[in-house]
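An overview of the molecular structure
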Amino acid sequence: MRTSRAELRPVWLGPALALAAALLLGACSLTAYKMDIQQGNVVTQEMVAKLRQGMTRSQVKFVMGTPLVSDPFHEDRWDYFYEFIKAGKVKDKKRLTLVFDQDRLAKVLGDVQTEPALKDGLPPAGTAKQ
């Protein structure tokens, strides 16, 4: 009479291997490192405070940097986006849109905080901040 391999294998071996595999796979997901990710243009309040109505595109680019999105269908609009992800969760997200009229800054839209004096619009270029 011949003995098969299945009969020679201990009964507890199958469940023990399944348990070991589950523990190893579970440990991998707990120890995975998620790096911090910064995407887009960093936009600060100081940068926004320097913007004035009537500034040229080159003046705006000097203050804000190159826009993240230059839309060929909306040449009079520059978009700045910023997102900071820490440990897989979004911690900070900002959006700023600058609108030009005849190559001069006309409007600032987005998630930025403006001073009360700037609420209705930007002060003209050449005026000092009060």
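You'll find the structure just up there.
This section reports on the structure supplied with the text. These numbers come from a predicted model, not from an experiment.

1. Considerations on the packing of aromatic side chains
With the rule as written, the count across this model stands at 1 aromatic pair. Here W78 and F100 contribute two aromatic rings whose centre-to-centre distance is 4.8 Å and whose plane-to-plane angle is 65°, an arrangement assigned as edge-to-face. Taken together, the positions of W78 in strand β3 (residues 77–86) and F100 in strand β4 (residues 89–101) put the pair 22 residues apart, joining distant regions of the chain. Of the two residues, W78 and F100, both sit in the buried class. For R57, the ring lying beneath its charged end belongs to F100, and the centroid distance is 4.6 Å.

2. A closer look at the pattern of salt bridges
Evaluation of the coordinates by the stated rule reveals 5 salt bridges. Between D79 and R77 there is a salt bridge, with its nearest N and O atoms 3.1 Å apart. You can call D79 buried: its relative accessible area is 6%. The partner of K93 in a salt bridge is E83, and the shortest N-O contact between them spans 3.8 Å. Placement of the pair is K93 in strand β4 and E83 in strand β3, with a sequence separation of 10 residues. You can call K93 exposed: its relative accessible area is 58%. Because the salt bridges share partners, they merge into one network encompassing R57, D76 and D103.

Criteria and thresholds
- Residues numbered from 1 in each chain as written.
- Predicted model: local features only at pLDDT ≥ 70, side-chain atom pairs only at ≥ 80, totals over all residues.
- Heavy atoms only, no water.
- Phe/Tyr/Trp six-rings, centres within 6.5 Å; stacked < 30°, edge-to-face > 60°.
- Helix = DSSP H or I, 4+ residues; strand = E, 2+ residues; numbered from the N terminus.
- Buried < 20%, exposed > 50% of the residue type's maximum accessible area, 1.4 Å probe, protein only.
- Lys NZ or Arg CZ within 6 Å of the ring centre and 35° of its normal.
- Salt bridge = Lys/Arg side-chain N within 4 Å of Asp/Glu carboxyl O.

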